Structures are given as structure tokens and as C-alpha cells.
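Next come the chains, spelled out residue by residue.
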Amino acid sequence: MHRKTDPAIEWLSQLVAPLSPEEFLSKQAASLLAKSGQSEPPFNPQKALPPTVKRVEFAKLSRDGMLIPVQGGFIIKINSLKPLVRQNFTCAHEIGHTFFYDVTGERPWRPYKSMSTYWGEEGLCHAFARELLMPTEFVERDLEEHKNRDLEFILTLANKYKVSVEVAARRLMLDLSEYDKTVLIFAETGGKGKNTDRSIWWYHGKTLRRYLRKDEDAIFRQVLSVISDQPSKEILKATAKLWPSEATLQWYESRPDSRFMFLLSFCR
Ligand SMILES: [Zn+2]
């Protein structure tokens, strides 16, 4: 979103040319891991800090984490109230932000006008974190060994790499174009006892991005309407039985946020 006009990305593009910012950041992730001596998952970002990061601090914060430029480098602050997988992801994400600073002076600074309305940098830092925690060369080996593209595989990888199920799913589907005939749907229930509106969002697998066939779209709409009404397991089970030859529906409920993830996979 607004990627092309994000001054942070424009600045980094010029700095790392002829590499693209994506290529540059992915190389940085690999090199930090190699230097840290970690050769098997799970990968701990706290052991793969770049030399610019002086230390990582844990505190009760109102957000996941932050990167603080100080004399001679950065301090990464992480919200200690969040689950461990979230803390690790945040640490990796904040490392990503360090590459958007000029670190040649006494204190890191951004030599351009940074505006929070741009989301390009955020997206790149998320991608950097996924690459650091689930490096391509390792995940590709898992993909070779496991042929099933189902929920079980995502849960296995999330456990192996110590990332959230959501991060594992995004990595496989969005970065590596696996699960190409699946729609990944998330539903936020707002937690137990809260009356906040349920919010639902989804991503189409690569093959489905151009269009959904008419019958697939009908199934997708049906699933969405059940989810937005109430994602009770019984209703979902009953719904999933309606089209066994056309699609399968699997779901996972993450605690304690009570966020549901659904895999609606079509049998094309
Ligand atoms: Zn960020």
C-alpha cells in the first residue's frame, strides 16, 4: 500500500541498488543468522542482532515493541506481556527497521521525511521478520518432505520455528506461494466477554487471485456468512459437509486472543 511513494523505501532503494530493498533485507536476514551461528530452527532473533543494536529490553508496553535510536546505535524494547512467539516476531521486525536509518553518524537517524501514513516500510519489516524466523532454504526443505498442504502442516511448522500459526500461514501462502488453491480467512472475535464487532479478513492463494469460479465463490460467501454470524464448530462442520468434493474447510482457534483462522481449500 502506497509502497512506491514511501520515502523510507525510496531512500533504501537508492542505498542498496542494484539490489531491491526486498533482496537486500532478505540477504541481511541470512547473513545475521549465519553470523549468529544458528544453523537449525527455531531461530532466535535475539541471538542474531546486528552490531548496531546495543541491547534488547523487556517492559510492559502499550504496543508490541519499539526501536529507539540512541548514541551509538539502537535499543529494542519488547512488550513482555505478549506471548513468546509474538516477542520473537517483534524483535525480528524491529531489527528490520534498523536498516531504514543512516547509522554512519553518532546517533542513527532517518535522512528523509518519514510519515506514519506510509505502510511500505512496515510491510518490508514484516517480510524481513518472516525471513529471519523461517528462512527460505529451511522451509523449502520442509516443503520437499511434506506434500500435504493442510492445516496440520502449518501447525507443525509453527511449532518447529516457534512462530505463531498466523505467521507460518502467511509465510507459506503469501511469501512462498504455497496453498495456492486456498483462501486463508481470519476472524477476530474481540475476545471473550467483549462485545466488539467481529472483524474478518482474508487472502487468496496464488491460483485463486485472478478469480473464483462461480461455485467456489458461492461456497466462499457461505463460509463468510457463517463466520460473521458465529463461528461455532458445529455450524462449520455442518457447512463443510455440504461440498466434500468441491472444497474442504479447516480451522484453528488461537488463544488467548480468540482469533480464528480458516483454510478454505478448493479441489480444482
Ligand atoms: Zn514496525
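Residues numbered from 1 in each chain as written. Predicted model: local features only at pLDDT ≥ 70, side-chain atom pairs only at ≥ 80, totals over all residues.

Secondary structure assignment for the protein chain yields nine helices and seven strands. Against the globule reference of 18 Å for 268 residues, the protein chain gives a C-alpha radius of gyration of 20 Å, in line with a compact fold. Each principal axis of the C-alpha atoms in the protein chain carries an extent, and together these give about 65 × 40 × 35 Å. Looking at the protein chain residue by residue over its 268 residues, the buried ones come to 31%. In the protein chain, once contacts between residues fewer than 6 apart in sequence are set aside, the share between residues at least 24 apart is 59%. (Helix = DSSP H or I, 4+ residues; strand = E, 2+ residues; numbered from the N terminus. Rg over C-alpha atoms; globule rule 2.2 N^0.38 Å. Buried ≥ 20, exposed ≤ 12 C-beta atoms within 10 Å, placed from the backbone. Contact = placed C-beta atoms within 7 Å.)

As a general feature of sheets, a regular strand has side chains that alternate between the two faces. By the criterion of burial, strand β4 (residues 182–188) is predominantly enclosed, with five of the seven residues buried. In the sheet, β4 pairs with strand β7 (residues 259–266) via seven bridges, with the strands oriented antiparallel. Paired with T182 across the bridge in β7 is S265. The pairing of β4 with strand β5 (residues 199–204) spans six bridges and is antiparallel. Note that in β5 the partner of V183 across the bridge is H204. (Pairing = 2+ DSSP bridges.)

Let us look at the sheet that holds β4. The strand order β5-β4-β7-β6 describes an open sheet built from four strands, whose pairing is antiparallel. A single partner strand is all that each edge strand has here, and the edge strands are β5 and β6 (247–254). In this sheet, neighbouring strand axes are inclined to one another by 15° on average, regardless of whether the strands run parallel or antiparallel. Against the sheet, helix α8 (residues 214–229) makes contact with β4, β5, β6 and β7, and its axis sits at roughly 165° relative to β7, the strand it touches most. (Axes fitted to C-alpha atoms, helices over the stretch in contact; angles between N-to-C directions.)

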